[in-house]
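Chain by chain, the residues run as shown.
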Amino acid sequence: MDKIRVAAVSYLNSKPLLYGIKRSPELLSQIILTEDYPKKIGEMLVSGEADVGLIPVAFIPLIPHWQIVSDYCIGSVGKVETVSLFSDVPVDKIEKVLLDYQSFSSVNLCRVLFKNHWKKEVVFENATAGYIQQISGTTAGVIIGDRVFEQKASANCQPYIYDLAEEWTKFTKLPFMMAAWIANKKLPEDFTKLFNEANKTGLENIDAVIAENPYPLYDLKKYFMEDISYEITGDKLKAMQLFITLMQEL
Ligand SMILES: C=C(O[C@@H]1C=C(C(=O)O)C=C[C@H]1O)C(=O)O
């Protein structure tokens, strides 16, 4: 059989899920693993360049035969820390929002929140690399992933930081699921079983995952154990459905 092409998010939040995959010779002999930023890997699943990916759930409507293939995801219950809207002014004064080119879920989440939660019209602009320098005055910006920690630590960090996962939970009383392992075709069951077990290995060995990824800007134990919520639950699936519905109404 051809190797299964697996695409994963290259951020810190995915390290616990990838830890066991990278340590399973049986799995590694069956796959080709690529790591990139979330929007890129979502596009790879849509175009058929990958068979399974830890992709932003906002891509689901673009994948006809999508299926979730693991019990684990990149999710949150309230605050997540790394899906943020940075601004010089409070949300009611924002006029324009630069949307992170690396994201597809959080940028759509931001639009859903402006319309339904903050009930405020603003101009959205799809940003390109370097956009973080343009966040200023009434122009805010969405930033996701490790760059949020960098921005918070930088001398020119904005005074207002809205955690979009927390705002979603305030709005819906639900958790959130930004990304999940999604396949664009049916995959062999013995593969998905092995894959799921490998996902769990890192979550059961968080100290080893942290030792392998030293990070000076944030407490990764808190990040992996309290901020990111990795298990897919009924409420996360409910949140995903609601999010996709609201996104399609934009
Ligand atoms: C919590 C996060 O969730 C991420 C946000 C995504 C998105 O906005 O499309 C996709 C994958 C996740 O890695 C993060 O990036 O820190």
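Residues numbered from 1 in each chain as written. Predicted model: local features only at pLDDT ≥ 70, side-chain atom pairs only at ≥ 80, totals over all residues. Heavy atoms only, no water.

### A closer look at the domain arrangement of the chain
Partitioning the chain into domains gives domain 1 (4-75 + 175-248) and domain 2 (83-172). Between domain 1 and domain 2, the residue contacts involve 22 residues of the former and 22 residues of the latter. Where domain 1 abuts domain 2, roughly 1900 Å² becomes buried across the two surfaces, and 74% of that area is made up of carbon and sulfur atoms. On the domain 1 side of the contact with domain 2, Y11, F176 and L246 bury the most area, a combined 27% of that side's loss. (Domains from an automatic or database assignment. Contact = heavy atoms within 4.5 Å. Buried area = accessible area lost by both parts, 1.4 Å probe.)

### A word on unusual backbone geometry
Of note in this structure, E81 is not a glycine but carries a positive phi near 80 degrees. With respect to the secondary-structure elements, E81 resides in the loop between β4 (67-76) and β5 (83-87). A residue is classified by how much of its surface remains accessible, and E81, at 11% relative accessible area, is buried. (Helix = DSSP H or I, 4+ residues; strand = E, 2+ residues; numbered from the N terminus. Buried < 20%, exposed > 50% of the residue type's maximum accessible area, 1.4 Å probe, protein only.)

### Comments concerning the pairing of strand β3 (residues 52-56)
Most of β3 sits out of view: five of its five residues are buried. Relative to β3, strand β1 (residues 4-9) is paired through two bridges, and the arrangement is parallel. Among the inter-strand pairings, A7 is bridged to a residue of β3, identified as G53. Examined bridge by bridge, β3 and strand β10 (residues 176-183) share five bridges and lie antiparallel to one another. Looking across to β10, one finds that G53 is bridged to I182. (Pairing = 2+ DSSP bridges.)

### Regarding the sheet that holds strand β11 (residues 228-231)
Taken together, six strands build an open sheet; the order of strands is β2-β1-β3-β10-β4-β11 and the sheet is mixed. Both outer strands of the open sheet, β2 (31-36) and β11, are each paired with one neighbouring strand and no more. Ignoring strand direction, the axes of neighbouring strands in this sheet form an average angle of 25 degrees. In this structure, β4 lies alongside β10, joined through six bridges in antiparallel fashion. Counterpart to S76 in the pairing with β10 is F176. Contacts from helix α10 (residues 234-248) reach β4, β10 and β11 within the one sheet, and its direction differs from that of β10 by about 95 degrees. (Axes fitted to C-alpha atoms, helices over the stretch in contact; angles between N-to-C directions.)

### Structural notes on the sheet that holds β5
Taken together, five strands build an open sheet; the order of strands is β7-β6-β8-β5-β9 and the sheet is mixed. This sheet does not close on itself; its edge strands, each paired only once, are β7 (123-126) and β9 (160-163). The mean angle between the axes of side-by-side strands here comes to 25 degrees, regardless of whether they run parallel or antiparallel. Here four bridges tie β5 to β9, and the two strands are oriented antiparallel to one another. When the bridges of β9 are listed, F86 appears paired with I161.

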